[in-house]
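What follows is each chain in one-letter form.
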Amino acid sequence: MIRHYLLTAFRFLRRNKLYTIINALGLSISLAVSFIILLFVINEFSYNHCHKKRKQVYRVVNYYKEFKNTMSGTPYVLAKTLKEDFPQVERAINVRYLRGFKLKLADEYVDVPRARATDSEVFDIFTIPFIGSLLNEDPLQELNSIVISQKLADKFFPGEDPVGREIEGFINNTEQLLIVSGVYEDIPKNSTFRADCFLNGRWTLEPLNQAFGVTDMDVSWIWDFWDTWILLSEDTDAAALDDQFETFELKHISEDPHVHYSLQNLSDVYLRSADIANTGMTGDIKNIRLFSTVAFLILLIATINYIILSIAVSTGRAKEIGIRKTAGASIVRIRNQVLSESIMLSLLVLPVALLFMWLAKPAAEKLFQTSLELIRGNLLLYISFYLMLTVIIGLASGLYASSYLSRMKVLDVLKQQVSFGRKRRFFRSSLIVIQLVIFCSFVSGTLIIRSQYQYAIGKDPGYHNHDILQIDLGRGFGAYDAYLNGIRSIPEVKMAAGAMHGLPMNGWMTYMQPHFQDEEVKVKMEGFAVDYDFLETLGMTILEGRSFATDYGSDLEHSMILNETAVRELGIVDPIGQKMDSLHTIIGVVKDFNLHSLKTEITPLVINMTDKYLFHILLYYQEGTLDQLIPKLEAEWEKVEPDRPFSFSSIEELFEEAYASEKNLGTILSISALFTMLIAAFGLFGLTLFVARSRTHEIGIKKVFGSSERAIVFSFLRSNFLMVVLAGLLSIPVTLYFMGKWLNNFPYRVSIGWWVFLIAFLIATLVVLLTVSIHSFRASRINPVDALRYE
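Residues numbered from 1 in each chain as written. Predicted model: local features only at pLDDT ≥ 70, side-chain atom pairs only at ≥ 80, totals over all residues. Heavy atoms only, no water.

On to the overall build of the protein chain. Secondary structure assignment for the protein chain yields 24 helices and 23 strands. Within the span of the protein chain, comprising 791 residues, buried residues form 50% of the whole. When contacts within the protein chain are restricted to residue pairs at least 6 apart in sequence, those whose partners lie at least 24 apart make up 79%. Element-wise, carbon and sulfur atoms account for 57% of the exposed surface of the protein chain, whose accessible area totals about 38,400 Å². (Helix = DSSP H or I, 4+ residues; strand = E, 2+ residues; numbered from the N terminus. Buried < 20%, exposed > 50% of the residue type's maximum accessible area, 1.4 Å probe, protein only. Contact = heavy atoms within 4.5 Å. Areas by Shrake-Rupley, 256 points an atom, 1.4 Å probe, with all protein chains shown as cover.)

This paragraph deals with helix H18 (residues 626-640). When the terminal C-alpha atoms of H18 are compared, their 21 Å separation across 15 residues agrees well with the 21 Å that a helix rising 1.5 Å per residue should span. Buried within H18 are the following residues: Leu629, Ile630, Leu633, Glu636 and Trp637. The buried residues of H18 all sit within an arc of 130 degrees when viewed along its axis, so they share a single face. Across H18 from its buried face, at more than 90 degrees, point the exposed residues Asp627 and Lys639. On its buried face, H18 sits against strand E14 (468-472), helix H14 (480-488), strand E15 (493-499), strand E22 (616-621) and strand E23 (647-650). (Expected span 1.5 Å × (residues − 1). Arc of directions from axis to C-beta.)

To continue, consider the packing of H14 against H18. Their axes nearest at 10 Å, the elements H14 and H18 cross at an angle of 155 degrees. Regarding the angle of H14 to H18, the classification is roughly antiparallel. Crossing of H14 against H18: the hand is right-handed. Only Leu633, Glu636, Trp637 and Val640 of H18 make contact with H14, whose side of the interface consists of Ala482, Tyr483, Gly486 and Ile487. Class assignment of the residues belonging to the contact of H14 with H18 gives a composition of six nonpolar, one polar and one charged. (Axes fitted to C-alpha atoms, helices over the stretch in contact; angles between N-to-C directions. Parallel < 35°, antiparallel > 145°, perpendicular 65-115°, else oblique. Left-handed = near helix turned anticlockwise from the far one by under 90°. Nonpolar A, V, L, I, M, F, W, Y, C, P; charged D, E, K, R; others polar.)

Bringing the packing of aromatic side chains into the picture now. Geometrically, a pair of aromatic rings is defined through the distance of the ring centres and the angle of the planes. Per the counting criterion, the structure on display carries 29 aromatic pairs. Each ring, one from Phe528 and one from Phe534, has its centre 5.6 Å from the other, and the planes form 65 degrees; the classification is edge-to-face. Accessibility assignment for this pair places Phe528 and Phe534 in one class, buried. The structure contains a cluster of three or more aromatic residues connected by ring pairs, namely Phe123, Phe126, Phe130, Tyr184, Phe193, Phe198 and Trp229. Against the face of Phe193 rests Arg116, its NZ or CZ located 4.2 Å from the ring centre. Positioned above the aromatic ring of Trp358 is the side chain of Lys361, whose terminal nitrogen or guanidinium carbon lies 5.0 Å from the ring centre. (Phe/Tyr/Trp six-rings, centres within 6.5 Å; stacked < 30°, edge-to-face > 60°. Lys NZ or Arg CZ within 6 Å of the ring centre and 35° of its normal.)

A separate point is a nonpolar patch on the surface. On the surface, Trp754, Trp755, Leu758, Ile759, Leu762 and Ile763 cluster together into a nonpolar patch covering about 590 Å² of accessible area. Taking the relative accessible area as the measure of exposure, Trp754 reaches 65% and is therefore exposed. (Patch = residues over 30% accessible without salt bridge, like charges linked within 9 Å, V, L, I, M, F, W, Y side chains within 5 Å. Salt bridge = Lys/Arg side-chain N within 4 Å of Asp/Glu carboxyl O.)

With that settled, consider the nonpolar core. Counting 76 residues, the largest nonpolar core has Leu31, Phe35, Ile37 and Phe368 as its most contacted members. For this core, the element with the highest residue contribution is helix H2 (residues 17-45), accounting for 14 residues. Apart from residues lying up to four places away in sequence, Phe368 is in contact with Ile36, Ile37, Phe40, Phe291 and Ile668. Ranked by size, the runner-up nonpolar core spans 31 residues in total, among them Val590, Leu598, Tyr620 and Ile651. (Core = buried A, V, L, I, M, F, W, Y, C linked by side-chain atoms within 4.5 Å.)

With that out of the way, let us pick up the pattern of salt bridges. For the structure shown, the criterion picks out 14 salt bridges. Across the salt bridge formed by Glu373 and Lys189, the nearest N and O atoms sit 2.8 Å from each other. You can see Glu373 sitting in the loop between helix H10 (331-368) and helix H11 (379-406) and its partner Lys189 sitting in the loop between strand E9 (174-184) and strand E10 (197-200), a full 184 residues away along the chain. A salt bridge links Asp533 to Arg488, with the nearest nitrogen and oxygen atoms 3.5 Å apart. In this pair, Asp533 is assigned in the loop between strand E17 (522-530) and helix H15 (534-538) and Arg488 in helix H14, connecting sequence segments 45 residues apart. Classification of Arg488 by relative accessible area gives partly exposed; the value is 37%. Residues joined by salt bridges that share partners form a network here, namely Lys53, Arg91 and Asp124.

With that settled, consider the environment of Phe615. By the element assignment, Phe615 lies in the loop between strand E21 (605-609) and E22. For Phe615, a relative accessible area of 13% gives the class buried. Each C-alpha atom of the pair Phe615 and Gly474 lies 5.2 Å from the other, and the pair is 141 residues apart in sequence. Discounting residues that sit within four places of it in the chain, Phe615 has contacts with Ile471, Asp472, Leu473, Gly474, Arg475, Ala499 and Met500.

Moving on, we come to empty space enclosed by the protein. One pass over the full model with this rule turns up four cavities of 30 Å³ or more. Taken as a whole, the largest cavity holds about 80 Å³ of empty space. In terms of lining, the largest cavity is formed by Glu526, Asn563, Phe593, Asn594, Leu595, His596, Ser597, Thr600, Glu601, Ile602, Thr603 and Leu605. Looking at the lining of the largest cavity residue by residue, the classes come out as four nonpolar, six polar and two charged. (1 Å grid on protein atoms, 1.4 Å probe; cavity = no way out; pocket = protein on both sides within 12 Å on 5 of 7 lines; lining within 4 Å. Points joined across faces, edges and corners; volume = space filled by probe spheres on them.)

Right, let's talk about a negative patch on the surface for a bit. A grouping of Asp107, Glu108, Glu634, Glu638 and Asp643 is seen on the molecular surface, where their side chains present a negatively charged patch. For Glu108, the location among the structural elements is in strand E5 (residues 108-111). (Lys, Arg positive; Asp, Glu negative; His and termini not counted. Charge placed at Lys NZ, Arg CZ, Asp CG, Glu CD.)

Let us now look at the confidence of the model for the protein chain. Overall, the predicted model of the protein chain reaches an average pLDDT of 81, with 83% of residues at or above 70. Note that residues 785-791 has pLDDT below 50 and, in this model, 11 contacts with residues that lie over four places away or in other chains. (pLDDT = per-residue confidence, 0-100.)

Moving on: the environment of Ile29. When you line up the elements, Ile29 lands in helix H2. Taking C-alpha positions, Ile29 is 9.2 Å from Leu299, a pair spaced 270 residues apart along the chain.

Before going further, it helps to examine the pairing of strand E11 (residues 227-232). For E11, the tally of buried residues reaches five of six residues, placing the bulk of the element in the interior. As judged from the four bridges shared by strand E1 (residues 57-64) and E11, these two strands associate in the antiparallel manner. Along E11, the bridge assignment pairs Val57 with Leu231. (Pairing = 2+ DSSP bridges.)

Another point: the side chain of Asp531. Looking at the element boundaries, Asp531 is found in the loop between E17 and H15. Within the buried core, Asp531 has no salt-bridge partner, and the shortest N-O distance to an opposite charge, that of Arg488, equals 5.4 Å. Within polar-contact distance, the side chain of Asp531 engages the side chain of Tyr480 at 2.5 Å. Discounting residues that sit within four places of it in the chain, Asp531 has contacts with Tyr480, Leu484, Gly498, Met609, Thr610 and Leu614. (Polar contact = N/O pair within 3.5 Å; in protein donor to acceptor, adjacent residues only side chain to side chain.)

Once that is clear, we can look at the packing of helix H3 (residues 77-85) against helix H8 (residues 245-252). Following both chains from N to C, one finds H3 and H8 inclined at 115 degrees, their axes separated by 12 Å at the closest point. Along this stretch, H3 crosses H8, giving a crossing that reads as right-handed. Only Phe245, Phe248, Lys251 and His252 of H8 make contact with H3, whose side of the interface consists of Leu78, Thr81, Leu82 and Asp85. The residue makeup of the contact of H3 with H8, split by class, is four nonpolar, two polar and two charged.

This paragraph deals with the side chain of Thr765. Within the element layout of this structure, Thr765 appears in helix H23 (residues 754-780). Here Phe761 takes part through its backbone oxygen, which lies 2.7 Å from a polar atom of the side chain of Thr765. In contact with Thr765, other than residues within four places in its own chain, are Phe721 and Val724.

Following Leu503, the chain continues to Pro504 via a peptide bond in cis, the omega torsion being -10 degrees. Although it is not a glycine, Asp574 sits at a positive phi angle of roughly 50 degrees. As for its placement among the helices and strands, Asp574 is situated in the loop between helix H17 (564-570) and strand E20 (585-590). By relative accessible area, which is 61% here, Asp574 ends up exposed.

Next up, the structure:
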């Protein structure tokens, strides 16, 4: 039976080559786009599924009551205390990156960016398998122990067993002799918990003790610099454990704890950590929803195409269906036959779709800003979903045609009285209008996104947005003063100054400040730490008071500058000279500027000075001198830090990076609009051909009675133009709704102008009329004698 269906379907597709080619092109393009998006979605959802005990693994997150925000950082002592207080906690570790860690290869130190300091329970919690034997049962027990990944083992000990071997490391700015106590398999790429090597967690304590002038980092509940991970026993209710944390906090922190702990499952870390600060590698569930919607709409276009063309060719299949019914074919058998044709066509284009997908993958990776790799552990998922999607599209495409054709009455078919009239034309026209609505919405949405992007790039942020260069110093840069003086000596440099963060700032430094008129009211403030001359270098405007200056010996430790919003929100009258607290005095008010991108509002801001945490230098240079300036900056760098890489960015690049997601979204919608119109044009092209053939007799009669070629062409164009007008009108409320919601994410945004809808309408009109005119013009020139003979 199946063999019969397949052979019959193959004969039909071969006989109707144009129908097959048009549908195959539409399906292959739509499937290729969908496969790329499906690859992205599967990879995103599969994060951390490589860890076998993921359902039992939880991260402890930290809600700061005063700041009203959640962070991933927790105290060092938390892991040990949780294990002691809760028997259901089988394993507990604290983890922190070792910044600046290096290993010696030959005679040079090589950066190891993902070195984590923790203890040996990490391998059980995250089910990280070892390769070969261990030096001892607790591979991270000794301070000088190191467990390395297979990748590092191959790099530093090629063809050898590294266990028990010594290797020189650079930890906390000192050289240390380490012993390899084990090798583990490389952690899969779809894990948020990646590491090139593991070291003893005690390496993280001393640098922080020194930085903050304390000696109790290992027992204090104040300092939250570690991630805490726990493994619960299988029968543990995580929600019930969450409820016990309040008592736990009262017992160990204070009667009025400043934080509240809660649990987050490992499976939720990647896609559900948008509101958790410093969480590391994360995805965006909004992007998944967006790209999935785009894929669905493109597949919908291809499905509609199939239905439209199936309706169009059904006139030619009426006799075939009638004869088969006369021969005893049942409705079910005819329906299955037509469905098998659409499924076979989908399966035939599957290899073509996969080829298109592979060719388009590099461009898609740039758009999605991620690597679209085929992960070995997901291979079965890829194959299953691709085949399932292909079959579903085949079923959906053939469902209407199979139902319609199988219900044809034998007598009507044989008497040529099958209804191909108004009702079916209305349904066909409705499908075309849906395609055009989707296209117009994509085009107008693209124009709105690009307008917002251009507005964000071009808007005055309150400081120089051109001729500014940002040099990244990194942590532990010991030659700040020497390098800054060297920069200032370069003729092309107008001014230069340091800051803790670059602009636009990505992170957040917040604290609560009592209102000046009512101390019970707390105002959330943001902090920004700078060096002398920073405000002048960036061209910021001082409205009241003065800027930081070396002439006043107290500015470094006791002076602050507020922005306008801070003065207003704090209710300060005559701010100059007012005390912010017992140590700091307000010396100036700066005009409001966008510390972050335009995605956030201007918040109350306090600017203070620092000489310890200056990780960036920003310089204002003479216009048109960048090419001459860069080699000089690099030469000065080589004088003071020859072993560090020289890294810089222009302010224009930083702004483009801040709005890269919006730019990519606009590009994605543009490509989606192109594919939508291309697929719809294929269908319209084929539909016009079939309609022209079905109207051959009618056209011949019209020409006999004196109708001109222009009038015949116009009759084709008029009906299609009306569909474009209707689609253009229907797309307006759709676009206003969805793009209005998108624009609401921006405190500073453009308004939606009428011109975006006009451009979308004009493009749709041009494409549709050009597509239709090809066959309508050919049909209008047919010989009336030949037309009247046509059946």
